[in-house]
Amino acid sequence: MSERKCTLSVLVENTPGALARIAGLFSGRGFNIDSLCVAETLDPTLSHLTLVTRGDDQIIEQIIKQLRRLIDVYKVVDVTEEEDYVEREMALIKVRAEKENREEIFRICEIFRLKIVDVTPRTYIIEVTGDKNKLEAVIELLQPMGIKEIVRTGTIAMKREKKST
Amino acid sequence: MGEIMTGAKMVVEALKREGVEIIFGYPGGAVIDIYDEIYKTENLHHVLVRHEQGATHAADGFARSTGKVGVALVTSGPGATNTVTGIATAYMDSIPIVVLTGQVPTKLIGNDAFQEVDTTGITRPITKHNFLVKKVEDLPRILKAAFHIARTGRPGPVLVDLPKDVQQAKGEFNYPEEIHLRSYNPTYEPHIKQIEKAYQLLEKAERPVFLVGGGVISSGASEEVRELAERLNLPVTMTLMGLGGFPGDHPQSLAMLGMHGTYYANMAVANCDLLLAVGARFDDRVTGRLDAFAPFAKIIHIDIDPTSIQKNVKVDVPIVGDCKRSLQRLLELIKEVGKPKKYFKERFSDWWAQIEIWKKRYPLSYKEDPNYIKPQYVIEKLYELTQGNAIICTEVGQNQMWTAQFYKFKYPRTLISSGGLGTMGFGFPASIGAQMGNPDKLVIDIAGDGSIQMNIQELATAMDQRLPIKIIILNNGYLGMVRQWQELFYEKRYSAVKFATLPDFVKIAEAYGAVGMRITKPQEVEPTLKKILSLDKLVILDVIIAPEEGVFPMVPAGKATTEMILV
């Protein structure tokens, strides 16, 4: 069986230890976590967690079942199960921006509609939002300029609503 | 308005509401308040153990033998860490226990305070769930949830960590009659479409095998198992945890399968075309090499825990549900369809003929020796004398496997043994719990000379409670199971398996005020067993057995279950 990437949307009780339980489940059972993103939901008693993992179908089935088995886990949805979903990630990139390449960086920002959120005589901090491909394309283009630091949020995802007929 | 009381009193009140009459524990600084309440309470019998591990195993043995939730109470820090093996043992075998641990005051948590340890952190992967109580107002709800989670769904241990200031704080005691947890809803009722699919496979099968696991015991489904097996003329094999789920003396029993299972059970599974597995989880000790396990079979798997299904083996008809209810639905459907018993009798007659050939070819056996007591003979005699009417606890290793092979467990909850974790030192403290929960029954611990030493301090506990437990030590002077592996797979390099010093178990018994006896010759076995069974006292019987006796059949680890080493 071939490995696939899987993005899981998980609602958990907003209790201390819930995140530790999930992280412990992955390390204890030898599952992978590529990225993990946690925040509150509209309901303050629930947290939302987007988790990107990999595995063959049998492993992914186990991951989902094991998550559901945790007493604190309210709901698990495999967002990637269907094609129709939106995925986004944000990155802050601190890049060397000195005389000779300031213009070039500025152009890249325009082409990709990136925001420059901090400016110093020698650096820019650039905010990138998009899917994985866009982030990687931007990083590749900025690499030659000299990236000093990158912070990425990890993926968040949402299923698209079914189009009404 | 509920009564205003301290957290400590709430704990004791909650225990009463849950119908708890016996708890096993050991006091300490962080639980003195609870012990003070116990002092003031009637109808709550506290069993003072000698080591906290003993408390959890005793609570576990109580739960396994009675079907009720077992309770242990210990202090913070070392008290809590000493329970870890007991909790993990209960977790692996899905046994409902609630462990109450003291904790340093909430203000000190995280400060490396005296006797502080991150108890919920340590026990997170070995509990079904655990709680750290931060406010006294939360206590009634959490205690209710703890018992609810422990006993429902796939049962398991739940730990509640109780900081000292929460025990001392006062609050209103409103104990909920019922509790609903939105994120915890185990599935009891099976999907009827899946039951139909299962039946269709059963009707069309030619060589079926019925595999019974521990889930049958915990859901109380042994009556249904028997009815189904007899109705459909199915051969029945059991996992270690499933022994007693179907009568071991029944003509349709193939006894235990797996690493030390019978030749005929393993051959039947390897050749069957349909495997109906109920409440079993296909542990590696059961399956052997996975790709050679039941290679021709379609598999129907009934389990209340969806994670057990499709975890190790590929299942054709998964059924998530309570074992008892699922079997009831299946039986209803069978009656509705109405195929006569004769149909299955005739349909599976060739298959049974083949099984009978296997049974005759290699029955469970051992070589007799006039100079040595054979452990298998001891267990056989014990079965004859008790007729299956005893609760048999075991330690782990050869003693456990000989017991599983040669004692025909007729009833559920009569074998108390650490299956999943394989905890040496489990059997004796578990027998304390079993005897406390079943004061009128005969409780026997089958031990090895290694295992018994792991929790031998609990002799004092058993004497305190005047428990007439019979401890039978199958004493070969070796850590026998490891020695057997070294003999077979490590060219007899017996590394670290012979104790240079072995205590005199007869004198140990006497030191605690119990009865000690020793036998060394085969002809002493029967009269001595008769004698100890008639005594209303705690007895240690030290049986000096053939030192290099092995457990057979044996499937070497990682081999196919058909590649058995026979006697």
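Predicted, not measured: the structure shown is a model, and the values here were computed from it. (Residues numbered from 1 in each chain as written. Chains lettered and ligands numbered in written order. Predicted model: local features only at pLDDT ≥ 70, side-chain atom pairs only at ≥ 80, totals over all residues.)

## Topic: the overall build of chain B
- Of regular secondary structure, chain B possesses 23 helices and 20 strands.
- The C-alpha atoms of chain B give a radius of gyration of 24 Å, which matches the 24 Å a tight globule of 567 residues would have.
- Dimensions of chain B, computed from the C-alpha atoms along their principal axes, are close to 70 × 60 × 40 Å.
- When burial is assessed residue by residue, chain B has 55% of its 567 residues classed as buried.
- Within chain B, residue pairs in contact and separated by at least 24 positions form 77% of the contacts whose partners lie at least 6 positions apart. (Helix = DSSP H or I, 4+ residues; strand = E, 2+ residues; numbered from the N terminus. Rg over C-alpha atoms; globule rule 2.2 N^0.38 Å. Buried ≥ 20, exposed ≤ 12 C-beta atoms within 10 Å, placed from the backbone. Contact = placed C-beta atoms within 7 Å.)

## Considerations on the overall build of chain A
- Counting secondary structure elements, chain A contains 4 helices and 9 strands.
- Secondary structure of chain A in N-to-C order comes out as β-α-β-β-α-β-β-α-β-β-α-β-β.
- Taking all contacts inside chain A whose residues are at least 6 apart in sequence as the whole, residues at least 24 apart take part in 75%.

## Digging into the domain arrangement of chain B
All names here are of chain B.
- Along its sequence, chain B is organised into domain 1 (3-173), domain 2 (192-361) and domain 3 (375-544).
- In this assembly, 25 residues from domain 1 lie in contact with 26 residues from domain 3.
- Broken down by secondary-structure element, the contributors of at least two residues to the side of domain 1 that touches domain 3 are β2 (22-25), β3 (45-48), α3 (52-66) and α5 (84-92). (Domains from an automatic or database assignment.)

## Quick word on the sheet that holds strand β4 (residues 73-78) of chain A
All names here are of chain A.
- The strand order across the open sheet formed by 4 strands is β2-β3-β1-β4, and the pairing between neighbours is antiparallel. Among the strands making up the open sheet, the edge pair consists of β2 (35-40) and β4. When strand polarity is set aside, the average angle formed by the axes of neighbouring strands in this sheet is 20°.
- Looking at chain direction, β2 and strand β3 (residues 46-55) are connected through 6 bridges and run antiparallel. By the bridge assignment for β3, C37 is matched with T50.
- Helix α2 (residues 57-69) contacts β1 (4-13), β3 and β4 of the sheet and is inclined by roughly 160° relative to β4. (Pairing = 2+ DSSP bridges. Axes fitted to C-alpha atoms, helices over the stretch in contact; angles between N-to-C directions.)

## Details of the environment of E21 of chain B
Residue and element names in this part refer to chain B.
- In this fold, E21 is placed in the loop between α1 (7-17) and β2.
- C-alpha separation for the pair E21 and A59, spaced 38 residues apart in sequence, amounts to 12 Å.
- Residues contacting E21, with those up to four places away along its chain left out, are N43, L44 and H45.

## A short note on the sheet that holds strand β16 (residues 415-416) of chain B
Residue and element names in this part refer to chain B.
- Within the open sheet, the 6 strands sit side by side as β16-β15-β17-β18-β20-β19. Their pairing is parallel. Bordering the open sheet on either side are β16 and β19 (515-519), each of which pairs with just one other strand.
- Examined bridge by bridge, β19 and strand β20 (residues 539-544) share 5 bridges and lie parallel to one another. In the sheet register, R518 faces β20, and the bridge partner there is D542.
- Together, β15 (391-394), β17 (443-448) and β18 (470-475) form the strand contacts of helix α18 (residues 398-406), whose direction differs from that of β17 by roughly 130°.

## Quick look at the packing of helix α11 (residues 222-232) of chain B against helix α14 (residues 323-337) of chain B
Residues and elements named next belong to chain B.
- One way to put it is that α11 packs onto α14 with a least axis distance of 9 Å and a crossing angle of 30°. Relative to α14, α11 is oriented roughly parallel. Relative to α14, α11 is oriented so that their crossing is left-handed. Between α11 and α14, the contacting residues are E224, V225, E227, L228 and R231 on the first element and K324, L327, Q328, L330, L331 and I334 on the second.
- Within the contact of α11 with α14, the residues separate by chemical class into 6 nonpolar, 1 polar and 4 charged. (Parallel < 35°, antiparallel > 145°, perpendicular 65-115°, else oblique. Left-handed = near helix turned anticlockwise from the far one by under 90°. Nonpolar A, V, L, I, M, F, W, Y, C, P; charged D, E, K, R; others polar.)

## Observations regarding the interface of chain A and chain B
- With 16 residues of chain A at the interface, the matching set in chain B holds 14 residues.
- When contributions to the side of chain A that touches chain B are tallied by element, the ones reaching two or more residues are α1 (18-28), α2 and β4 of chain A.
- Ranked by residue count, the leading element in the side of chain A that touches chain B is α2 of chain A, at 6 residues.
- A per-class count over the side of chain A that touches chain B returns 4 nonpolar, 6 polar and 6 charged.

## Focus on the confidence of the model for chain B
- Scored by pLDDT, chain B has a mean of 97; 100% of the residues are at 70 or more.
- Our summary of model confidence lists the complex with pTM equal to 0.96 and ipTM equal to 0.91. (pLDDT = per-residue confidence, 0-100.)

## Quick look at α3 of chain B
- Under the 1.5 Å per step criterion, the end-to-end length of α3 of chain B is 21 Å for 15 residues, consistent within 8% with the ideal 21 Å.
- Residue G67 of chain B follows α3 of chain B closely and has a positive phi angle near 85°. (Expected span 1.5 Å × (residues − 1).)

## Quick word on the environment of P306 of chain B
- Position of P306 of chain B relative to the elements: it lies in the loop between β13 (298-303) and β14 (317-320).
- Looking at P306 of chain B, the number of C-beta atoms within 10 Å reads 20, which means it is buried.
- On a C-alpha basis, the gap between P306 of chain B and K374 of chain B in space is 43 Å, while along the polypeptide they are 68 residues apart.
- With residues near it in sequence (within four places) discarded, P306 of chain B still touches K65 of chain A together with V320 of chain B.

## A short note on unusual backbone geometry
Residue and element names in this part refer to chain B.
- In this chain, F552 is followed by P553 through a cis amide linkage whose omega measures 0°.
- You will see that F282, though not glycine, has its phi angle at about 55°, which is positive.
- Along the polypeptide, F282 turns up in the loop between β12 (274-278) and α13 (284-287).
- Accessibility expressed as a C-beta count within 10 Å gives 25 for F282, which makes it buried.
- One non-glycine residue, Q310, adopts positive backbone phi at about 65°.
- The topology assignment puts Q310 in the loop between β13 and β14.

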